[in-house]
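Architecture at a glance
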Amino acid sequence: MASPEIHAKLSASGAKRWLGCPPSVRMEEGFSDKSSVYAEEGTVAHSLSELKLKYETGKMTKTIYNKRFARFKEKHSDYYNAAMDDYTDEYVAVVLEHYHALENPVIELEVKVDFSEWVPGGFGTSDVVITSDKLIEVIDLKYGKGIPVSAENNPQIMLYGLGAYAAYDMIYDFETVRMTIVQPRLGDISTFEISVPDLLQWANDYVRPRAQMAEEGKGEFFPSEDTCQWCKAKAICKARADKNLEIVQYEFADPNELTPEDIADILGRAKEIENWLKDIKDSSLEKVRDHGLHIPGWKLVEGRSNRKITDTDAVTLLLDAEGYTEEQIMKPESLRSLTDLEKLVGKKNLSALVGPYIVKPEGAPVLVVETDKRPELSSLDSANEDFEGVNEDG
Ligand code: SF4
């Protein structure tokens, strides 16, 4: 029997990593968890959403809700703001829409889901579980504003779905498990449905053996952007380094010039190589600065810094006394950023008040992989060809 510490590491949130790269669990041993302000903000947004959903689904009276909401705002004044209120309203609206669309639905919040039948010690908390006659749905709020996360074949939410299915299977006769991820700050909702037999096949044939390997520290390393991004060992892992250094030994077809195929290969690896270099730099700085590690040939020095004024009032008075005018020495006041204004006024309110004055300019062209969801822009050459074609025809 493995230690409880190892069991706790086979979490749903880390499933993409340990399913893809089972030995990462052993590699992560000894690294501590780091909390971030973003994680804390997310926890606050989850609590607020839960409170709102309790009220909206009749689990809490209006009086108690009002009292708790007032207490919540006071307790979480560091993170609570008008924008969080709007974003959690949007999330709650999605949950209620899904809830009311089902027949004979029952909704549970913050449900402990246990998938230990497939993953040793595997459990987690699902934000929302909705059960109905033939379908069970789990819904996950992601409050970050990084990148959209798809629910499709997403192991984290599939493990929640599996755990929820296992918990309610005795009472219901489900045919389908539906999983939804809501990211209100990105305006993104992603839903994935899978039949119960397909989910169980995934759990039995893929999850169970890989969880076993992960627990025993066995299996092949699998460095990739998906697996390494959140791995605590990402700055020391040899397999990741080997993978990223492969390009150095690359045998190009043409000895003198890169072909479009060579460039495609290099571009495909660029992001992960950039991430890897950054991870190595950040981690070595931290080890040398905070733990006294010596890296041969490297030393710690003071970085560049910008001069700054310590007392702006004193400087203003002195320059004023020298005859400089306010226009000369003061910057004109400027409006805060849209993000700050949304926090202050609320997303909906701000849009209602000044929506016509907010535009999203066209972004500069970027090169992305073909599978990216954004529509392809025509290149300058093909745009010119189109234009010439119009002239010829016209
Ligand atoms: S850094 Fe990547 S390859 Fe190395 S253990 Fe972690 S996930 Fe696996």
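So, here's what we can say about the structure. Note that the coordinates shown come from a computational prediction; the quantities given were computed from them, not determined experimentally. (Residues numbered from 1 in each chain as written. Predicted model: local features only at pLDDT ≥ 70, side-chain atom pairs only at ≥ 80, totals over all residues. Heavy atoms only, no water.)

1. What to know about the site of the ligand
Neighbouring the ligand are Cys 21, Ser 24, Met 27, Phe 221, Phe 222, Pro 223, Thr 227, Cys 228, Cys 231, Lys 234 and Cys 237. A molecule is said to occupy a pocket when more than half its atoms come within 2 Å of that pocket's grid points, and by this definition the ligand occupies the largest cavity. For the shell around the ligand, the elements supplying multiple residues, two or more each, are helix H3 (24-27) and helix H9 (225-228). Residue classes in the shell around the ligand are distributed as eight nonpolar, two polar and one charged. (Near = heavy atom within 4 Å. 1 Å grid on protein atoms, 1.4 Å probe; cavity = no way out; pocket = protein on both sides within 12 Å on 5 of 7 lines; lining within 4 Å. Sits in = over half its atoms within 2 Å of the grid points. Helix = DSSP H or I, 4+ residues; strand = E, 2+ residues; numbered from the N terminus. Nonpolar A, V, L, I, M, F, W, Y, C, P; charged D, E, K, R; others polar.)

2. Re empty space enclosed by the protein
As enumerated under the stated definition, the model contains two cavities of 30 Å³ or more in all. Looking at the largest cavity, its volume works out to about 110 Å³. Looking at the largest cavity, it is lined by 15 residues, and the ones nearest its centre are Cys 21, Ser 24, Cys 228, Cys 231 and Cys 237. Those elements that provide at least two residues to the lining of the largest cavity are H3, H9 and helix H10 (238-245). Considering only residue class, the lining of the largest cavity consists of ten nonpolar, two polar and three charged. One number sums up the size of the second largest cavity: a volume of about 50 Å³. Lining the second largest cavity, in full, are His 46, Ser 49, Glu 50, Leu 53, Tyr 91, Leu 109, Glu 110, Asp 127, Val 128 and Leu 141. Those elements that provide at least two residues to the lining of the second largest cavity are helix H4 (37-56), strand E1 (106-114) and strand E2 (123-131). A per-element tally of the lining of the second largest cavity places H4 first, with four residues. Looking at side-chain class alone, the lining of the second largest cavity contains five nonpolar, two polar and three charged residues. (Points joined across faces, edges and corners; volume = space filled by probe spheres on them.)

3. Topic: the side chain of Asp 140
Of note, Asp 140 is situated in strand E3 (residues 135-141). Its relative accessible area of 6% is what places Asp 140 among the buried residues. Here Lys 142 takes part through its side chain, which lies 3.2 Å from a polar atom of the side chain of Asp 140. For Asp 140, the residues in contact, after removing those within four places along its chain, are Asp 127, Gln 156, Ile 157, Tyr 160, Thr 180, Ile 181 and Val 182. (Buried < 20%, exposed > 50% of the residue type's maximum accessible area, 1.4 Å probe, protein only. Polar contact = N/O pair within 3.5 Å; in protein donor to acceptor, adjacent residues only side chain to side chain. Contact = heavy atoms within 4.5 Å.)

4. Re the pattern of salt bridges
A side chain of one charge can pair with a side chain of the opposite charge if their charged atoms are brought near each other. What the rule picks out here adds up to 23 salt bridges. Among the ionic pairs, Asp 89 bridges to Lys 348, the shortest N-O distance being 3.6 Å. Taken as a pair, Asp 89 in helix H6 (residues 82-100) and Lys 348 in helix H15 (residues 347-354) lie far apart in primary sequence, 259 residues in all. Arg 289 is the salt-bridge partner of Asp 290, the closest N and O atoms lying 2.8 Å from each other. Overall, the relative accessible area of 43% leaves Asp 290 in the partly exposed class. What makes Arg 289 partly exposed here is its relative accessible area of 48%. Sharing partners across several salt bridges, the network here consists of Lys 52, Asp 85, Asp 89 and Lys 348. (Salt bridge = Lys/Arg side-chain N within 4 Å of Asp/Glu carboxyl O.)

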